[in-house]
Amino acid sequence: MSIVKLTVNGKAVSADVEDRTLLVHLLRDHLNLTGTHVGCDTSQCGACVVHIDGRAVKSCTVLAGQAAGSSVTTIEGIAKGDELHPMQAAFRDNHGLQCGYCTPGMIMSAIDIVHRHSGNLDEATVRHELEGNICRCTGYHNIVKAVLDAAGRMKVAQAAE
Amino acid sequence: MGVEGIGASVVRKEDRRFITGKGRYVDDIKLVGMTHAHFIRSPHAHAKIKSVDTSAAKDMPGVIGVLTGQQIVDDKIGNLICGWAITSKDGTGMKMGAWPAMAPETVRFVGQAVAVVIAETKNQARDAAEAVVVNYEELPAVPDIRAAIKPGAPQLHPEAPGNVIYDWVIGDEGATDAAFKSAANVVSLDITNNRLVPNAMEPRAAIAEYNEPEEHFTLYTTSQNPHVARLVLSAFYNIAQEHKLRVVAPDVGGGFGSKIFIYPEEMVALWASKKVGRPVKWTGDRTEAFLTDAHGRDHLTKAEMAFDKDNKVTGLRVKTYANLGGYMSLFSSSVPTYLYATLLSGQYNIPNIFAEVISVYTNTVPVDAYRGAGRPEASFVVERLMETAARQLKVDPAELRRKNFITQFPHQTPVIMAYDIGDFGASLDAAMKAIDYAGFAARKAKAKSEGKLRGIGVSCYIEACGIAPSKAVGSLGAGVGLWESAEVRVNPVGTIEILTGSHSHGQGHETTFCQLIADRLGVPISQVSIVHGDTDKVQFGMGTYGSRSAAVGLTAILKAMEKVEAKAKKIAAHQLEASENDIVIENGEFKVAGTDKSLALPMVALAAYTAHNLPDGMEPGLKEGAFYDPTNFTFPAGAYICEMEVDAATGKSSFVNFVAADDFGRLINPMIVEGQVHGGLAQGIGQALLEGVVYDASGQLLTASFMDYTMPRADDLPSFKLSHTTTLCPGNPLGVKGCGEAGAIGASAAVINAITDAIGNNKLEMPATPDRVWHAIHG
């Protein structure tokens, strides 16, 4: 067992966990942040994507101990109070989700995609970049629409800041 | 249509919790004192269990109990059942072998549960499972249909000689044979319908809690139909009486059929929670999903179509072998029979049809309904035959279809179904226009000049949804009625709760069902809540599958609403001193027509509950229920056309365009309907190009993870061009047909027709991987 200290959604947290504990289980089982999901055992599906120090990472590929000292943002931490993150709003407005299970990982990946491409995205790029996230419901059609829509919204939001 | 009424693309009410990470799925739930289960599963496809030694595991840290298959038999927990009886052509019943929730003596597929460890933590349960020693005596395995039907093949169940579960026929064999004898042309095809894994993104999970003084169980489970789960668990599995078992299906992360069935893990969790006196949680991992969720499809078919000299179809003859796996899952028997062969007429006027279906046991995961369930297999047979015939007869494939379309309705097919309405020409026209069918020859020539192979493929599907008239399915062997129930509760302050037996696991019922209420009463959907997925709240229901929730579930709500409106009008008329017949409902108000007198819904509701001034003899309250049993299936239909380009050097196929023109009757929420079509198309395309289960000769599942089984990803798929044509379903008052499965039913044939057109070789199996396509091009 080890005590792991890190920052999650802006708050300093610590948890006493088995050394083999994955970050995703630290979040879900110890911190009750159940928005981050587990959809596979092989780091293929992307349902568990969170941001570690601003980069999208599959939280099932990281031991909790490896995340010590870092700043983790989960799906629960991206809205500003009642105001949704532009990516969240775009998923809702474009019907980019159905059962909702892959959605948190999709949104966290998509935010990172927009950041890495400075908002300059086209359909082919979005489809290519989403290959680490599996959705079984939507056929990706509306997810792609949502990411492109959000890229525009995030530019506007950034310009306003 | 109001801004939130029927026909409006209202943004979903349920989305906010999902996009903020506040959805509540089974694995998100923690109970006080909760323990964790881990199953010990067979590594062999077929074996005798010589011994199970749990002694070392019992001494491991945190272990509360280790339970075995023998104990579940000793406790008289019932075997899993198949709820649809199929009769063979010789009049005998289906040959069902016993399926205990954990195997006491024999295992028949890799992954079958043998024992379970219950421990304080998930890791402790997993560690202890490693210490359970099971001694097996391996038996020869039957990994597929061909091996199962070989003379002298190893036997799976003593009840099923030759591994045959039933040999079932439908249609007129003599008349069909005669049609083939007098045919001007006959087209024939051998078809493999590849085996698929549903792979809802949320793995199955269950939490069971036993309250000893009350002798009461609660089960949280990933179910598409919690009431059916409760019924089966109580009536057949001897776990709890129905009134002592609450089943809750909270947010469920996709189902696609795989979460209809009651699985061993839920049974064991319930049984174990009583044994250990603590709540028991089991959450499957992805490999367990591959090894235990019911698989889909898996047919071997020989199909022939007869044409007269005018290219009219005169007969269809089909022989199909269906793989049901190692045991018969809950509705497995019905999928390759009544959900498959009854759709073999497609959109065409075919006077003579005969089909024989032989279902067999193999040492593989049980096979049951997966999105479309039998109808994708039927549509693939018919649409591959049509395309093949057009090439053989040297006529345009779209025009050959059009020549044979059914144009008069109602139309009785030779295989039970009576199509109520449709306009197949309209959807074909819409799809041809959307893809510029007329311009294809020029595009193909241009592609050829650039060294690329270009092909176009048509698929005109029909399906039977709105499952189903109870009397009809009862006469065909179903063990349940397939009506739906609803209750409308108007609260004293005028807000409304709709209790429904339908269950949403991605379909958006919390929005679409509210749209009906907004349409009827003119109240905002924020005033309406949908209650579902809890047997303590909703009295009964049959759940969501078979694209039934609008046609059957929403119609039940409408029937209950009509009763509420009738009573509310009486109350309003009494309060307003007007005639009940003069009351109209507009914008949430009960108005006396032609006057300025009105009473808002909250005032009517309050009057109903205060009961100070009600008409003489009227009961207080404003709550009504209804059970709705449909009179017929509904028949969504449409035309899909796919244009593909193949790189001859690599065998890689790429989409140029995919268009879909569907007729679903009235659309409640077009945005949600289109989402359903997108998802269905992705699964149909996945089957055609990417997905396929592979077992080796010993029965080991080689495709047991997302590393090995190709799920469609964003860059495998195109953006889709959708359109709708409309004939209103005459069978229900809303005119709706259902849209959940269409894409999965129609898409595969369009893709394979396009690729085989491009490469000029009709022999190509699914999934059409680059390797297979390359070999089809180069021999």
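Keep in mind it's a predicted model, so treat the numbers as computed, not measured.

Q: Go over the overall build of chain A, please, and point to the residues and values.
A: Check the secondary structure of chain A and you find five helices and five strands. For chain A, the succession of helices and strands along the chain, N to C, is β-β-α-β-β-β-α-α-α-α. On C-alpha atoms alone, chain A measures out to a radius of gyration of 15 Å, which is about the 15 Å that the 2.2 N^0.38 rule sets for 161 residues. Along the first, second and third principal axes, the C-alpha atoms of chain A reach 45 × 35 × 25 Å. Looking at chain A alone, contacts between residues at least 24 apart form 60% of all its contacts between residues at least 6 apart.

Q: An account of the domain arrangement of chain A is requested, with residue identities and associated values reported.
A: Residues and elements named next belong to chain A. Entries for chain A in the domain assignment read domain 1 (2-77) and domain 2 (86-160). Spacing between the C-alpha centres of domain 1 and domain 2 amounts to 21 Å. The interface of domain 1 with domain 2 comprises 15 residues on the first partner and eleven residues on the second. Secondary structure elements with two or more residues in the side of domain 1 that touches domain 2: strand E3 (49-52) and strand E4 (55-58). The biggest single contributor to the side of domain 1 that touches domain 2 is E3, with three residues.

Q: So what's going on with the confidence of the model for chain B? Which residues, and what values?
A: When pLDDT is averaged along chain B, the result is 97, and 100% of the positions lie at 70 or above. Interface predicted TM-score (ipTM) for the complex: 0.98; the corresponding pTM is 0.98.

Q: If you had to explain the packing of helix H10 (residues 375-393) of chain B against helix H19 (residues 742-759) of chain B to someone new, which residues and values would you point to?
A: Residues and elements named next belong to chain B. Interaxial distance between H10 and H19 falls to 8 Å at its minimum, and their mutual angle equals 30 degrees. Overall, the two elements H10 and H19 adopt an arrangement that is roughly parallel. Taken as a pair, H10 and H19 cross one another with a handedness that is right-handed. Counted together, Arg375, Pro376, Ser379, Phe380, Glu383, Arg384 and Glu387 of H10 and Ala744, Ile745, Gly746, Ser748, Ala749, Ile752 and Asn753 of H19 form the full contact between these two elements. Residue composition of the contact of H10 with H19, grouped by class: six nonpolar, four polar and four charged.

Q: Describe the UniProt feature "domain: Aldehyde oxidase/xanthine dehydrogenase a/b hammerhead" (unreviewed entry) in chain B, with residues and values.
A: With numbering matched to this structure, UniProt assigns "domain: Aldehyde oxidase/xanthine dehydrogenase a/b hammerhead" (unreviewed entry) to residues 20-140 of chain B. Within residues 20-140 of chain B, the helical portion is 15% and the strand portion 29%, while the C-alpha atoms at the span's ends are 51 Å from each other.

Q: Please provide a residue-by-residue account of the interface of chain A and chain B, values included.
A: On the side of chain B, 42 residues touch chain A, which itself brings 44 residues to the contact. Among the elements of the structure, helix H2 (86-93), helix H3 (103-116), helix H4 (123-129) and helix H5 (141-160) of chain A are those that each provide at least two residues to the side of chain A that touches chain B. Ranked by the residues each element gives to the side of chain A that touches chain B, the list is headed by H2(A), at four residues. Residues of the side of chain A that touches chain B, tallied by class, amount to 19 nonpolar, 16 polar and nine charged.

Q: Please provide a residue-by-residue account of unusual backbone geometry, values included.
A: When glycine is set aside, most residues are seen to have a negative phi, and most peptide bonds are trans. Each neighbour pair has its own omega, and for Ile467(B) with Ala468(B) the value is -5 degrees, a cis peptide bond. Across the junction of Met766(B) and Pro767(B), the peptide omega takes the value -10 degrees, indicating a cis bond. A positive phi angle is found at Ser43(A), which is not glycine, with a value near 55 degrees. With respect to the secondary-structure elements, Ser43(A) resides in the loop between helix H1 (23-30) and E3. Ser43(A) gets classed as partly exposed once you count the C-beta atoms within 10 Å, which come to 15. Residue Asn199(B) is not a glycine yet carries a positive backbone phi of 55 degrees. Considering the arrangement of structural elements, one finds Asn199(B) in the loop between strand E8 (185-193) and strand E9 (205-211). Here Asn199(B) falls in the buried class, since 25 other C-beta atoms lie within 10 Å of it.

Q: Mind laying out the domain arrangement of chain B, listing which residues take part and the relevant values?
A: Domains assigned within chain B are domain 1 (31-138 + 203-253 + 259-292), domain 2 (299-468 + 632-778) and domain 3 (483-628). For the side of domain 2 of chain B that touches domain 3 of chain B, the per-class residue count stands at nine nonpolar, six polar and two charged.

Q: Please provide a residue-by-residue account of the pairing of strand E1 (residues 35-41) of chain B, values included.
A: All names here are of chain B. Counting buried positions along E1 yields seven of seven residues, so the element is predominantly enclosed. Burial of the side chains of E1 extends over both faces: Thr35, Ala37, Phe39 and Arg41 are buried on one face and His36, His38 and Ile40 on the other. Of the pairings in the sheet, the one linking E1 to strand E12 (residues 280-283) comprises two bridges and is parallel in character. Bridge pairing in E12 links Thr35 to Val280. Sheet topology places E1 next to strand E5 (residues 113-119); six bridges connect them, and they run antiparallel. Note on E5: the bridge partner recorded for His36 is Ala119.

Q: Run through the sheet that holds strand E2 (residues 11-17) of chain A, naming residues and quoting values.
A: Residues and elements named next belong to chain A. One open sheet holds the five strands; their spatial order is E2-E1-E5-E3-E4, and the pairing between them is mixed. Both edges of this open sheet fall to E2 and E4, since each of them pairs with a single strand only. In this sheet, adjacent strand axes meet at a mean angle of 40 degrees when their direction is disregarded. Direction of pairing for E3 relative to E4: antiparallel, over a ladder of four bridges. Residue pairing across strands places Ile52 opposite Arg55, the latter belonging to E4. Its contacts with the sheet place H3 against E3 and E4, and it is angled at close to 40 degrees to E3.

Q: Talk me through the nonpolar core; I want residue IDs and the actual numbers.
A: Counting residues in each nonpolar core, the largest one holds 317 residues, and the members touching the most others are Val116(B), Val117(B), Leu344(B), Ile557(B) and Ile641(B). Broken down by element, the residue count for this core peaks at 13 residues, all from helix H16 (residues 549-576) of chain B.

Q: Break down helix H11 (residues 397-404) of chain B for me, with residues and values.
A: Given 3.6 residues per helical turn, the α-helix brings residues three or four places apart onto the same face. All names here are of chain B. Within H11, burial applies to Pro397, Ala398, Leu400, Arg401 and Asn404. The arc that holds the buried residues of H11, viewed along the axis, is 165 degrees, so those residues lie on one side. Of the surrounding elements, those touching the buried residues of H11 are strand E14 (313-323), H10, helix H12 (424-435) and strand E18 (453-462).

Q: Could you give an account of the pairing of E18(B), with specific residues and numbers?
A: All names here are of chain B. For E18, the buried fraction is high: ten of the ten residues fall into the buried class. By the bridge criterion, ten bridges tie E18 to strand E26 (residues 637-647) in an arrangement that is antiparallel. Residue pairing across strands places Gly455 opposite Met644, the latter belonging to E26.

Q: Account for the environment of Val552(B), naming residues and giving values.
A: Residues and elements named next belong to chain B. Residue placement: Val552 occurs in helix H16. Taking the C-alpha atoms as reference points, Val552 and Met60, separated by 492 residues in sequence, lie 51 Å from one another. With residues near it in sequence (within four places) discarded, Val552 still touches Gly466, Trp483, Glu484, Tyr628 and Pro630.

Q: Please set out the sheet that holds strand E20 (residues 496-500) of chain B residue by residue, giving values where relevant.
A: The strands that make up a sheet are held in pairs by hydrogen bonds between backbone atoms, and each pair lies either parallel or antiparallel. All names here are of chain B. Spatially, four strands are ordered E21-E20-E19-E25 in an open sheet, and the strand pairing comes out mixed. Two strands lie at the open edges of the sheet, namely strand E21 (528-531) and strand E25 (623-628), each paired on one side alone. Each neighbouring strand pair of the sheet contributes to a mean axis angle of 15 degrees, computed without reference to strand direction. One ladder, built from five bridges, connects strand E19 (residues 484-490) with E20; its direction is antiparallel. Along E20, the bridge assignment pairs Arg489 with Glu497. Here H16 sits on the sheet in contact with E19, E20 and E25, set at roughly 145 degrees to E25.

Reading the values: the criteria
- Residues numbered from 1 in each chain as written.
- Chains lettered and ligands numbered in written order.
- Predicted model: local features only at pLDDT ≥ 70, side-chain atom pairs only at ≥ 80, totals over all residues.
- Helix = DSSP H or I, 4+ residues; strand = E, 2+ residues; numbered from the N terminus.
- Rg over C-alpha atoms; globule rule 2.2 N^0.38 Å.
- Contact = placed C-beta atoms within 7 Å.
- Domains from an automatic or database assignment.
- pLDDT = per-residue confidence, 0-100.
- Axes fitted to C-alpha atoms, helices over the stretch in contact; angles between N-to-C directions.
- Parallel < 35°, antiparallel > 145°, perpendicular 65-115°, else oblique.
- Left-handed = near helix turned anticlockwise from the far one by under 90°.
- Nonpolar A, V, L, I, M, F, W, Y, C, P; charged D, E, K, R; others polar.
- UniProt positions renumbered as here; feature names shortened; annotations may be inferred.
- Buried ≥ 20, exposed ≤ 12 C-beta atoms within 10 Å, placed from the backbone.
- Pairing = 2+ DSSP bridges.
- Core = buried A, V, L, I, M, F, W, Y, C linked by C-beta atoms within 7 Å.
- Arc of directions from axis to C-beta.

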